[in-house]
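In case you want the letters, here they are:
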Amino acid sequence: MDWPISMRIFSTIENAVDQVLSRINSDTRMNDIKKYQLSKSTACLKYTDILPHNEKSMPVTKEFLQKVIDILMDFINETNDRNCKVLDFHHPDKMKQLLDLEVPDKGVALQQLIEDCAKTLKYQVRTGHPHFFNQLSCGLDLVSMAGEWLTATANTNMFTYEIAPVFILMENVVLEKMREIIGWNGGDSILAPGGSISNLYAFLAARHRMFPGYKEKGLHSIKGQLVMFTSDQCHYSVRSCAAVCGLGTDNCVEVPSDKRGRLIPSELERLVIERKSKGHIPFFVNCTSGTTVLGAFDPIEEIANICQKYKMWLHVDAAWGGGLLFSNKYRHPRLTGIERADSVTWNPHKLMGTLLQCSTIHFKEDGLLISCNQMSAEYLFMQDKLYDVQYDTGDKVIQCGRHNDIFKLWLQWRAKGTEGFEKHMDHLMELSEYMTKRIKAMSDKFYLILEPEMVNVSFWYIPTRLRGVPHTPEKEKELGKICPILKGRMMTAGTLMVGYQPLDERPNFFRNIISSAAVTESDVDFLLAEMDRLGHDL
Ligand SMILES: *Cc1c(COP(=O)(O)O)cnc(C)c1O
């Protein structure tokens, strides 16, 4: 029988609500922390009874670590169980009472450590749960996690080939592959502790490229005021570069964006000319591919033309949208022209689901990173080593030690293959299209703010009392007030997490993110039904 569409929607929602009701109070599994019991002889032992303190303690060491693994396996299991909650929320004061966080004078026994581990995860938000839509980094990719476990066990530092030979070679291979996907031959890259620092690296390299004297002579070597440009929708780390690097945020010029959140190229050119006429030196333009709130893509080609015309460095911040480079279906037009950039930030820990953290910065020109950042510490980067010292990457960065962020990405890529990443990206985009379609079909309950370009879906939830009321600025204000209350109800119920924020003139609205490989169409149905269940009376 072919039901009218409204009937079919109603039935979907009803099913989802039934599922929710049967779920309430079912999440008690990890509450039983006492179930993680070490054997009697092991329980009261201390850290000095396991390796490396006691050479004969392999069996005890193994029992201890196996028990930790049991806890982790339960967490993984619950993360993937839709009958379990996303979180068990408590206010900070209550949380302090629930936990014993004291660092004691005398160390505790192994059994207590096991219970500490279990309790820690009991109250941790399950960011890999299919009903966690709150952040750009969602999901728990188990292959990548296995990589992170291995990384922790290897516990090495990424500054020299000497102590991380395999991992250094992996970095070279993976980063070269990523540059190839961007569309470059050669170039150079490095992994950085997050996209914000990746953007900082781009800024530093750009300034060094144009003003090589800055490294030795500092501020006074540049005669004139450096100015950078970015859209008003960019990530705040771009402005932070201006603050940290001596420009001042007044010299990070905000270029207006259009209704869909994309930088307006004609406005960029106007502002560049305006600053030039004041005698300033425009030198750097940040183009965002996938803005943090709306998921908008600035038009790279048109911005690249302006950069070429005024001899400015073009940086593409694709921390969020970079993953779509894998997708033949979605790469264009969003990232068309990215190969014209001088530098690109791309965070595998966002759309690609690599475990936190994993962020990369790429340069079209080779040699800049080392020339910009090299300090030639004699105790670490000796030039007369046994091996080819260009594999010592530590002198390319402003850090000294560097965490190993490559193995989890390399292993994940081995598992999925490049094709697997393409499928993954397409799946996330298709689910977002599904969500947009459902929201439009339920226009009495949800108001879609704009057609999304990415997996960010921006919308308002409309409670019963406001349905059918004409959409005016006053109504938007009212809908905005509902967001924090409904979010609070989600967290207290523990069944769902979706983020909200205001943006420019717009009051609070929900921004849903589908960036977890665990999410299915029925999870999207659940999300919409659950918001309605929790919020209809607001
Ligand atoms: C998330 C994000 C960043 C910052 O990345 P972190 O890894 O959180 O430091 C920068 N730019 C954009 C567009 C982002 O979405």
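All of these numbers come straight from a predicted model, not from anything done at the bench.

So, how was this worked out
Residues numbered from 1 in each chain as written. Predicted model: local features only at pLDDT ≥ 70, side-chain atom pairs only at ≥ 80, totals over all residues. Heavy atoms only, no water. Near = heavy atom within 4 Å. Polar contact = N/O pair within 3.5 Å; in protein donor to acceptor, adjacent residues only side chain to side chain. Areas by Shrake-Rupley, 256 points an atom, 1.4 Å probe, with all protein chains shown as cover. Nonpolar A, V, L, I, M, F, W, Y, C, P; charged D, E, K, R; others polar. Disulfide = S-S within 2.5 Å. Buried < 20%, exposed > 50% of the residue type's maximum accessible area, 1.4 Å probe, protein only. Pairing = 2+ DSSP bridges. Helix = DSSP H or I, 4+ residues; strand = E, 2+ residues; numbered from the N terminus. Contact = heavy atoms within 4.5 Å. Axes fitted to C-alpha atoms, helices over the stretch in contact; angles between N-to-C directions. Core = buried A, V, L, I, M, F, W, Y, C linked by side-chain atoms within 4.5 Å. Domains from an automatic or database assignment. 1 Å grid on protein atoms, 1.4 Å probe; cavity = no way out; pocket = protein on both sides within 12 Å on 5 of 7 lines; lining within 4 Å. Points joined across faces, edges and corners; volume = space filled by probe spheres on them. Expected span 1.5 Å × (residues − 1).

(A) Quick look at the site of the ligand. With respect to spatial proximity, 16 residues lie near the ligand, and among them Gly195, Ser196, Asp317, Asn347 and Lys350 are the closest. Contact distances for the ligand include 2.6 Å between a nitrogen atom and a side-chain N or O atom of Asp317. Protein contact buries 85% of the 380 Å² of open area that the ligand shows by itself. Of the residues contributing to the shell around the ligand, the split by class is three nonpolar, eleven polar and two charged.

(B) Examining the state of the cysteines more closely. Tallying each qualifying case throughout the model produces zero disulfides. The thiol sulfur of Cys241 is not disulfide-bonded, and the nearest other cysteine sulfur, from Cys245, lies at 5.5 Å. In this structure Cys241 comes out as buried when scored by relative accessible area, which is 2%.

(C) Up close: the sheet that holds strand β10 (residues 456-461). Ordered in space as β1-β11-β12-β10-β9, the five strands form an open sheet in which the pairing is mixed. Both outer strands of the open sheet, β1 (132-133) and β9 (446-448), are each paired with one neighbouring strand and no more. Pairing of strand β11 (residues 497-503) with strand β12 (residues 506-513), which is carried by four bridges, proceeds in the antiparallel orientation. The partner of Leu503 across the bridge, within β12, is Arg506. Packing of helix α14 (residues 407-441) onto the sheet brings it into contact with β9, β10 and β12, and relative to β10 it is tilted by some 20 degrees. Strands in contact with helix α15 (residues 473-493) are β10, β11 and β12; relative to β12, the strand with the most contacts, it is inclined by about 45 degrees.

(D) Main features of the nonpolar core. Ranked by internal contacts, the top residues of the largest apolar core, which has 95 residues, are Phe229 and Met531. Examining the composition of this core, we find that eleven residues originate from one element, α14, more than from any other. Among the domains, domain 1 (157-403) and domain 2 (416-535) are the pair contributing at least three residues each to this core. The residues touching Phe229, leaving out its near neighbours within four places in the chain, are Val253, Val255, Leu268, Leu271, Val272, Arg275, Pro282, Phe284, Val285, Asn286 and Met312. With 29 residues, the next largest nonpolar core counts Ala206, Leu226, Trp313 and Ile361 among its residues.

(E) Empty space enclosed by the protein, seen in detail. Under the counting rule described, the total for this entry stands at two cavities of 30 Å³ or more. Counted as a void, the second largest cavity has a volume near 30 Å³. Lining of the second largest cavity is provided by Arg260, Leu294, Gly295, Ala296, Leu450, Glu451, Pro452 and Glu453. Each residue belonging to the lining of the second largest cavity can be placed in one class, and the counts come to four nonpolar, one polar and three charged. Two domains each put at least three residues into the lining of the second largest cavity: domain 1 (157-403) and domain 2 (416-535).

(F) Spatial organisation of helix α8 (residues 195-210). Over its 16 residues, α8 extends 23 Å from the first C-alpha to the last, a length consistent with the 22 Å expected when each residue adds 1.5 Å. The buried count for α8 comes to twelve of 16 residues, which makes it a mostly enclosed element.

(G) Here's a closer look at the sheet that holds strand β2 (residues 188-192). On the basis of which strands lie adjacent, the open sheet formed by seven strands has the order β2-β8-β7-β6-β5-β3-β4 and mixed pairing. The open sheet has two edge strands, β2 and β4 (252-255), and neither has a second partner. Put simply, the sheet's adjacent strands are angled 20 degrees from each other on average, direction ignored. Of the strands in this sheet, β2, β7 (343-346) and β8 (359-363) touch helix α7 (residues 165-182), which is tilted by about 65 degrees from β8. Along the sheet, helix α11 (residues 265-277) makes contact with β3 (226-231), β4 and β5 (281-288), crossing β4 at roughly 145 degrees.

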